[in-house]
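So the chains spell out like this:
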Amino acid sequence: MFSANIAFLNHDKQNLLHDSTILIAGMGGLGCVVAQNLVRLGIGKLIILDYDTIAESNLNRQILFTKEDIGKQKVDIASKKLEEITGFTKIIPIKCRITSTESLHQELSEHDYIGIADCLDNYESRYILEDILEPEQFLVHGGVMNDFGQITTIMKDFTISLKELYKDQQIVHQQIPIIPQTVFTIASLMSHEIMNNILGTPQLLNKLLITELSDFSMSKITLQ
């Protein structure tokens, strides 16, 4: 099933992916693509976390959902469709609203995972998610808007935090303008950096990768 992956990675690296568990926070545009990529990559277990239901406005970018899914819970539909891809990856859906560090810890207390994919769409939830990060874990953060996006890897006490990175960011609750190509591109890059972290070769520690689709430019900024 994963012979093409192994031809590129080798058996030992594929086994590392097989033995890994990743928490995906947010099953929106980024989360749907990251989850699908990781299933096809051969990750052993995915914990997918979201509280929302599928809306018509989600369908331009949330690749696991169709019009027949409108009104249903995202984690329920996503887990079913992800399990159908290969049958290899164990999917654990958690219906949870991220409201506090304590409640999130409680929701995840029975689960072990090596890394977190931050596929959220608001800063309050991202900061709470970052707070549960343990020193031996990594968090790959992605953000998108319009036709550009950015990615970084966070490790506790080793890299700049999201709170520091976004300290001057105003919190505004509104529809994010976004096209599907941006979401798919940034989510695929996030998936690759998650793989890099699992294999011990992260490329975005204290670095911010900015991708601009309008002119196909990419830049890597050192964070201090």
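Each remark here, short or long, concerns the structure printed above.
These numbers were taken from a predicted model, which means no experiment stands behind them.

Criteria and thresholds
- Residues numbered from 1 in each chain as written.
- Predicted model: local features only at pLDDT ≥ 70, side-chain atom pairs only at ≥ 80, totals over all residues.
- Heavy atoms only, no water.
- Helix = DSSP H or I, 4+ residues; strand = E, 2+ residues; numbered from the N terminus.
- Expected span 1.5 Å × (residues − 1).
- Core = buried A, V, L, I, M, F, W, Y, C linked by side-chain atoms within 4.5 Å.
- Buried < 20%, exposed > 50% of the residue type's maximum accessible area, 1.4 Å probe, protein only.
- Contact = heavy atoms within 4.5 Å.
- Pairing = 2+ DSSP bridges.
- Axes fitted to C-alpha atoms, helices over the stretch in contact; angles between N-to-C directions.
- Salt bridge = Lys/Arg side-chain N within 4 Å of Asp/Glu carboxyl O.

J.: Got a minute to help me understand helix 8 (residues 180-198) in this structure?
T.: Because the α-helix completes a turn every 3.6 residues, residues three or four places apart line up on one side. Between its first and last C-alpha, helix 8 extends 27 Å over 19 residues, near the 27 Å set by a 1.5 Å rise per residue. Two residues or fewer after helix 8 comes Gly-200, characterised by a positive phi angle close to 85 degrees.

J.: How do you make sense of the nonpolar core when you look at a structure like this?
T.: If you look at soluble globular proteins, the nonpolar side chains tend to sit buried side by side. Judged by nonpolar contacts, the single largest core of 41 residues is most densely connected at Ile-24 and Leu-46. Among the secondary structure elements, those contributing two or more residues to this core are strand 1 (21-25), helix 3 (29-41), strand 2 (45-50), helix 4 (74-83), strand 5 (138-145) and helix 8. Looking at this core, the element that brings in the most residues is helix 3, giving eight residues. The residues contacting Ile-24, other than those within four sequence positions of it, are Gly-31, Val-34, Ala-35, Leu-38, Leu-46, Ile-47, Ile-48, Leu-49, Ala-117 and Cys-119. Leu-49, Ile-92, Ile-98 and Tyr-127 belong to the second largest nonpolar core, which has 23 residues in total.

J.: So what exactly am I meant to see when it comes to the pairing of strand 7 (residues 207-212) here?
T.: Two faces make up the sheet, and in a regular strand the side chains alternate between them. Sheet analysis places strand 6 (residues 148-154) next to strand 7, joined by four bridges and oriented antiparallel. Paired with Phe-148 across the strands is Glu-212, a residue of strand 7. Between strand 7 and the antiparallel strand that follows it, strand 8 (residues 217-222), lie four residues; Phe-216 among them carries a positive phi value of about 55 degrees.

J.: Which parts of the structure should I look at to understand the sheet that holds strand 8?
T.: One key point about sheets: their strands pair by backbone hydrogen bonds, in either a parallel or an antiparallel sense. Spatially, eight strands are ordered 3-2-1-4-5-6-7-8 in an open sheet, and the strand pairing comes out mixed. In this open sheet, the two edge strands, each paired with only one partner strand, are strand 3 (90-95) and strand 8. Each strand axis lies, on average, 15 degrees off the axis of its neighbour in the sheet, ignoring direction. Against the sheet, helix 6 (residues 123-131) engages strand 1, strand 4 (115-118), strand 5 and strand 6, with an angle of about 170 degrees to strand 5. Sheet strands touched by helix 8: strand 1, strand 4, strand 5, strand 6, strand 7 and strand 8. Its angle to strand 5, the strand with the most contacts, is close to 170 degrees.

J.: Where do I start with the pairing of strand 4 in this structure?
T.: Taking every second residue as pointing to the same face, both faces of strand 4 are buried, with Gly-115 and Ala-117 on one and Ile-116 and Asp-118 on the other. As paired elements, strand 1 and strand 4 share four bridges and run parallel to each other. Residue pairing in the sheet places Ala-25 in a bridge with Asp-118 of strand 4. Summarising the sheet, strand 4 and strand 5 pair through four bridges and their orientation is parallel. Its bridge partner lying in strand 5, Ala-117 is registered against Val-140.

J.: Looking at this model, I keep getting lost on the pattern of salt bridges. Mind explaining?
T.: Pairs can form between side chains of opposite charge whenever their charged atoms are close. Under the counting rule described, the total for this entry stands at six salt bridges. Two residues, Asp-69 and Lys-81, come together in a salt bridge whose shortest N-O distance is 2.6 Å. Residue Asp-69 is found in the loop between strand 2 and helix 4, and its partner Lys-81 is found in helix 4; the two are separated by twelve residues along the sequence. When its relative accessible area of 6% is taken as the criterion, Asp-69 is described as buried. Judged by relative accessible area, Lys-81 falls into the partly exposed class, the value being 23%. Linking Lys-80 and Glu-84 is a salt bridge whose minimum nitrogen-to-oxygen distance equals 2.9 Å. The exposure class of Glu-84 is exposed, given its relative accessible area of 54%. Through salt bridges with shared partners, a single ionic network connects Glu-130, Asp-131 and Lys-163.

So far we have only geometry, and geometry alone does not tell us how the molecule works.
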